[in-house]
Amino acid sequence: MTALAREWRIGESLFQFEPPDLLRASYHGRLCEQQAVHFLRVYEEIFTATGPFFLLGDMRTATGLEPDAQRYLNDHIQYAWLQGVVYLNARLAHRALSAGFLLASEMTRSQTSPLAGRIHFATSEAEARGIIARLRAGEGGRSTG
């Protein structure tokens with residue numbers, strides 16, 4: 001395995017890697033295309049170093065995506081990088097964006113998204129980590145979403 005940075009700051013968002021397979025992301029503000037490019041570079045770096053990983057995204061202060069950022073993410077994310085995603089403090093708009101990503105993936109790739117059933121929502125850090133523990137154990141997430 002290659003050496004892996006433990007922390008990245010992209011704009012106002014902070015990413016922290018927790019071995020063996022968890023990327024903790026605190027998203028802040030509105031995501032632009034340039035930041036989306038950097039987000040995916042972090043995801044790819046972690047995947048290259050560790051294999052598929054879990055993403056725990058705190059959405060408390062996230063305010064949305066610019067259209068170019070959304071298109072970039074839809075076109076370039078590799079779902080094989082992610083074992084599962086748990087969003088913490090997600091509002092309705094965040095949940096709708098998540099559903100939109102899955103739909104866009106299925107429409108552009110003519111197949112069911114590999115993340116279908118592996119995106120979850122939690123109302124507390126403890127609940128989010130519990131979902132990830134169940135996903136690791138192969139039990140499914142059962143989120144409050």
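Owing to the predicted nature of the structure, the values given are computational and were not obtained by experimental measurement. (Residues numbered from 1 in each chain as written. Predicted model: local features only at pLDDT ≥ 70, side-chain atom pairs only at ≥ 80, totals over all residues. Heavy atoms only, no water.)

With respect to the packing of helix 1 (residues 33-50) against helix 2 (residues 67-76)
Next, step 1: For the pair helix 1 and helix 2, interaxial distance at closest approach is 8 Å and the crossing angle is 25 degrees. By the angle between their axes, helix 1 is roughly parallel relative to helix 2. Seen from above, helix 1 lies across helix 2 with right-handed handedness. Two secondary-structure elements touch here, helix 1 through Glu33, Ala36, Val37 and Leu40 and helix 2 through Asp68, Ala69, Tyr72, Leu73 and His76.
Next, step 2: Tallied by class, the residues present in the contact of helix 1 with helix 2 amount to six nonpolar, one polar and two charged. (Axes fitted to C-alpha atoms, helices over the stretch in contact; angles between N-to-C directions. Helix = DSSP H or I, 4+ residues; strand = E, 2+ residues; numbered from the N terminus. Parallel < 35°, antiparallel > 145°, perpendicular 65-115°, else oblique. Left-handed = near helix turned anticlockwise from the far one by under 90°. Contact = heavy atoms within 4.5 Å. Nonpolar A, V, L, I, M, F, W, Y, C, P; charged D, E, K, R; others polar.)

Things to note about the packing of aromatic side chains
Next, step 1: Tallying each qualifying case throughout the model produces seven aromatic pairs.
Next, step 2: A centroid spacing of 6.3 Å and a plane angle of 70 degrees characterise the contact between Phe15 and Tyr43, whose relative ring orientation is edge-to-face. Taken together, the positions of Phe15 in strand 2 (residues 13-18) and Tyr43 in helix 1 put the pair 28 residues apart, joining distant regions of the chain. Considered together, Phe15 and Tyr43 belong to a single accessibility category, that of buried residues.
Next, step 3: Aromatic ring contacts, followed pair by pair, group Phe15, Tyr27, Phe39, Tyr43 and Phe53 into a single cluster. (Phe/Tyr/Trp six-rings, centres within 6.5 Å; stacked < 30°, edge-to-face > 60°. Buried < 20%, exposed > 50% of the residue type's maximum accessible area, 1.4 Å probe, protein only.)

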